[in-house]
Amino acid sequence: MPPVLGRPPPPQQQQLPAQMFTTAAQLLDLTDKKLMVALRDGRKLVGILRSWDQFANLVLQSTKERIFVPPGTAPNQPRGLYADIDRGLFVVRGENVLLLGEIDLDKEDDPPAGYDLADLAVVKKLAEQRKVQDKAREKKKVKLLAKEGFDSENLGEVLF
């Protein structure tokens, strides 16, 4: 459009490529980078993203499953504990990814803030104890809510 009476033409809207609007295409920038992936079942994976598809299925290389135990799970435990399990090449179904993010390579060797590296057997035992405690607490909560008239059918996967 030619300028009208000395006014500049209106700015052109920059067209974004179509792939910018698909979730899977946004993984392009993360390919060959180290990521932490949080899964719907609560597991955390750390690995290098090697491949992905249109369904956001991921292929992670040199993958480690990281288990966390929050502070206070065991007596005299002021800081949290974590341990890694080597998983190697790992394929993750896209619908199971809750969150993912790139790991800062300058800080990757540092332990997570507030957590110390511990023996895998100790962390697994404490994590299992924590899971049992949480399940018992949830069961108690569902019973109290049921007593007040709330339907427990849609309150989660707590089985009596």
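Everything quoted here is computed from the prediction, not taken from an experiment.

Quick notes on the nonpolar core
Part 1: Counting twelve residues, the largest nonpolar core is built from Leu-27, Leu-30, Leu-35, Val-37, Leu-39, Leu-45, Leu-49, Ala-56, Leu-58, Leu-60, Phe-90 and Val-92.
Part 2: For this core, the secondary-structure elements that each account for two or more residues are β1 (34-39), β2 (44-52), β3 (58-69) and β4 (80-92).
Part 3: It is β1 that provides the largest number of residues to this core, a total of three residues.
Part 4: Those residues in contact with Leu-58, other than ones at most four positions away along the chain, are Leu-27, Val-37, Leu-49, Ser-51, Trp-52, Phe-90, Val-91, Val-92, Val-97 and Leu-100.
Part 5: One finds Ile-67, Val-69, Val-123 and Leu-126 within the second-largest nonpolar core, a separate group that totals eight residues.

Some remarks on the pairing of β2
Part 1: Of the strand pairs in this sheet, β1 and β2 are connected by five bridges, and their pairing is antiparallel. Looking across to β2, one finds that Met-36 is bridged to Val-46.
Part 2: Once β1 ends, the chain turns through four residues before running back antiparallel as β2, passing Gly-42 with a positive phi of about 100 degrees.
Part 3: Examined bridge by bridge, β2 and β3 share seven bridges and lie antiparallel to one another. Across the sheet, the residue bridging to Lys-44 is Arg-66, located in β3.
Part 4: Turn length for the β2-β3 hairpin, with the two strands adjacent in sequence and antiparallel, is five residues, and the turn residue Ala-56 shows positive phi of about 65 degrees.

Cut-offs applied
- Residues numbered from 1 in each chain as written.
- Predicted model: local features only at pLDDT ≥ 70, side-chain atom pairs only at ≥ 80, totals over all residues.
- Heavy atoms only, no water.
- Core = buried A, V, L, I, M, F, W, Y, C linked by side-chain atoms within 4.5 Å.
- Buried < 20%, exposed > 50% of the residue type's maximum accessible area, 1.4 Å probe, protein only.
- Helix = DSSP H or I, 4+ residues; strand = E, 2+ residues; numbered from the N terminus.
- Contact = heavy atoms within 4.5 Å.
- Pairing = 2+ DSSP bridges.

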